Amino acid sequence: MQVTFLGTSSGVPTRARNVSAVALRLPQRAELWLFDCGEGTQHQFLRSDLRLSQLRRVFVSHMHGDHVFGLPGLLASLGLSGNSNGVDLYGPDPLESYLQGVLRNSSTRIGYPLKVHRVRDAAEQNLIVFEDKDILVRCTPLTHRVPAYAYRVEQKPKPGHFNLERAQSLGIPPGPVYAALKRGEQVSLDDGRVVDGRDFCGPDRPGASIVFCTDTVFSEAAVALAAGADLLIHEATFAHSEAEMAYQKQHSTSTMAAQTAAEAGVGKLVLTHLSPRYAPGNPVTPNDLLREAQAIFSNTILAKDFLSFEVAPRCNSS
C-alpha cells in the first residue's frame, strides 16, 4: 500500500501545508482511498501523481471543517469527469445530511453511485466497517469535541510461497493445477491422487496495516486499534509544553502521539495535523515536535504535504 499526504495542517491551511487529507493507493487494484478531505484537497490531487478517477472510498474521521470542507467540491469534480464507477463514504452520522444539503442547495448532480455508511455502531461494537477478499477496515471512537473515529486498514494474509520443486518431484503437471495449489486448495489429479495445496505452501505472509488517528486527545481506544500496526498516522496538533491547551481542545501533543505508538507497538509513527503556530521561524517549530516524539518513540517521522511512501509488513517470510 502507498500512503500520500495531501494535507498536514490543522484548522487552517498555511503556505506550506494544506488541511487534512491522506490518500491510500492500492496499486494491485488500481484503486484509491481517501482519509478526510479538507478544503482544497482536489487542488492537491492536481499537484500530485495521484489520479482522482481511481477514488473508490472516503473515510471521514469527524465533521470539523478542516476535515470535510473539500469533500463536496471533490465529489462534484469527479462527477464532471464522467469516469467514476461509484464512491462509498464512511463516517459520522451527520456526514450524509451534510453532503445532501450542500449538493442539493448548490444544484449539484452526482452522476455516479454515491453511498454513505455510518460507522458509529461498528466503532462502538467493534464490528468490521468494510471487508473484501483482500482487506479489512475497523474503526474506534476517539476523544474529541465532536464524535470522531480512527480507522485501521489491514491487508489479509497471503498464501505462503509455493514449493515448486516439491510439486515437480511428485510428478504433478504444471498449469491450472499449480494455480489451485498456490491458493491452498485440494486438487484431484488425473491419475487419481488427491493433493492438498497447503502441503506445498509455506506459512502465510502477513499483509500491511495502517492506522489513521485524528482528532483526539490521548486515547486508550486508539492504542488498542493500533496494536501491532506497521504504520500509525497520528495527529500532533500541539507541542508538549502546551499539553493543558491540548486537553482543553481535546487534541494530541507530539508526546501523546508517541506514547500511543509506543504502547501500541507499531512499526512507524508519522506526525500530522500540526498547528500553524509551529511554522518554521517561530519559537517552536515542527522539528521541535519531532524531537519530542522521537525521545519516546524513535521511529517517528514528520509528515509534510506530498510525502509519499510504501507501507510493507514488518514480518514477512519472503
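Residues numbered from 1 in each chain as written. Predicted model: local features only at pLDDT ≥ 70, side-chain atom pairs only at ≥ 80, totals over all residues. Heavy atoms only, no water.

1. Focus: the environment of Ala279
The topology assignment puts Ala279 in the loop between β14 (268-272) and α11 (286-294). The contact partners of Ala279, leaving out residues within four places of it in the chain, are Val284, Thr285 and Pro286. (Helix = DSSP H or I, 4+ residues; strand = E, 2+ residues; numbered from the N terminus. Contact = heavy atoms within 4.5 Å.)

2. Things to note about the sheet that holds strand β9 (residues 149-155)
Reading across from one edge, β7-β8-β9-β12-β13-β14-β15 is the order of the seven strands in this open sheet, with mixed pairing throughout. Strand pairing shows two members of the sheet lacking a second neighbour, β7 (128-131) and β15 (300-302), which therefore form its edges. Each strand of the sheet is rotated relative to its neighbour by a mean of 20°, with strand direction disregarded. In this structure, strand β8 (residues 135-141) lies alongside β9, joined through seven bridges in antiparallel fashion. Each bridged residue has a counterpart across the sheet, and for Thr140 the counterpart in β9 is Ala150. (Pairing = 2+ DSSP bridges. Axes fitted to C-alpha atoms, helices over the stretch in contact; angles between N-to-C directions.)

3. Concerning the side chain of Ser252
Checked against the element boundaries, Ser252 lands in the loop between α9 (243-249) and α10 (254-264). Classification of Ser252 by relative accessible area gives buried; the value is 0%. A polar atom in the side chain of Ser252 sits 2.6 Å from the backbone oxygen of Thr216. Once residues lying within four places of it in the same chain are set aside, the contact partners of Ser252 are Thr216, Val217, Phe218, His234, Glu235, Ala236, Thr237, Phe238 and Ala246. (Buried < 20%, exposed > 50% of the residue type's maximum accessible area, 1.4 Å probe, protein only. Polar contact = N/O pair within 3.5 Å; in protein donor to acceptor, adjacent residues only side chain to side chain.)

4. What to know about the packing of aromatic side chains
Taken as a whole, this structure holds ten aromatic pairs when the rule is applied. With a centroid separation of 6.5 Å and 35° between ring planes, the pair formed by Phe5 and Phe309 is classed as tilted. Residue Phe5 is found in strand β1 (residues 2-7), and its partner Phe309 is found in strand β16 (residues 308-310); the two are separated by 304 residues along the sequence. Look at Phe5 and you get buried, because its relative accessible area is 0%. The class for Phe309 is buried, based on a relative accessible area of 15%. The structure contains a cluster of three or more aromatic residues connected by ring pairs, namely Trp33, Phe35, Phe59, Tyr90, Phe130, Tyr151 and Phe212. A cation over an aromatic ring shows up here: Arg166 above the ring of Phe200, its NZ or CZ 5.1 Å from the ring centre. The cationic tip of Lys268 hangs over the ring face of Phe309; the distance from NZ or CZ to the ring centre is 5.0 Å. (Phe/Tyr/Trp six-rings, centres within 6.5 Å; stacked < 30°, edge-to-face > 60°. Lys NZ or Arg CZ within 6 Å of the ring centre and 35° of its normal.)

5. Here we look at the pairing of strand β4 (residues 55-59)
β4 sits mainly inside the fold: four of its five residues count as buried. In this structure, strand β3 (residues 31-35) lies alongside β4, joined through four bridges in parallel fashion. Bridged to Leu34 within β4 is Val58. After leaving β3, the chain enters helix α1 (residues 41-46) and then returns to the sheet as β4, a path that is right-handed. Sheet topology places β4 next to strand β5 (residues 87-91); three bridges connect them, and they run parallel. Paired with Arg57 across the strands is Asp88, a residue of β5. (Right-handed = clockwise from strand over helix to strand, strands pointing away.)

6. Points about unusual backbone geometry
Residue Asp215 follows Thr214 across a cis peptide bond; omega there is -5°. Tracing the chain through its elements places Asp215 in the loop between β12 (209-213) and α8 (220-226). Located in the positive-phi region is Ser107, a residue other than glycine, with phi close to 55°. Relative to the assigned elements, Ser107 resides in the loop between α4 (95-105) and β6 (114-118). Classification of Ser107 as exposed rests on a relative accessible area of 66%.

7. Some points on the packing of helix α3 (residues 71-81) against α4
It is the contact of α3 with α4, at a shortest axis distance of 10 Å, that shows an interaxial angle of 60°. In this view, α3 runs oblique relative to α4, as classed from their interaxial angle. In the packing of α3 onto α4, the handedness of the crossing is right-handed. Across from Leu71, Pro72 and Leu75 in α3, the residues of α4 making contact are Leu95, Tyr98, Leu99 and Val102. (Parallel < 35°, antiparallel > 145°, perpendicular 65-115°, else oblique. Left-handed = near helix turned anticlockwise from the far one by under 90°.)

8. Remarks on the pattern of salt bridges
Enumeration over the complete set of coordinates arrives at 15 salt bridges. As a salt-bridge pair, Arg29 and Asp132 come within 2.4 Å of each other at their nearest N and O atoms. Taken as a pair, Arg29 in the loop between β2 (21-26) and β3 and Asp132 in the loop between β7 and β8 lie far apart in primary sequence, 103 residues in all. Between Arg277 and Glu242 there is a salt bridge, with its nearest N and O atoms 3.0 Å apart. Taken together, the residues Arg277 in the loop between β14 and α11 and Glu242 in the loop between β13 (231-235) and α9 connect sequence positions 35 residues apart. (Salt bridge = Lys/Arg side-chain N within 4 Å of Asp/Glu carboxyl O.)

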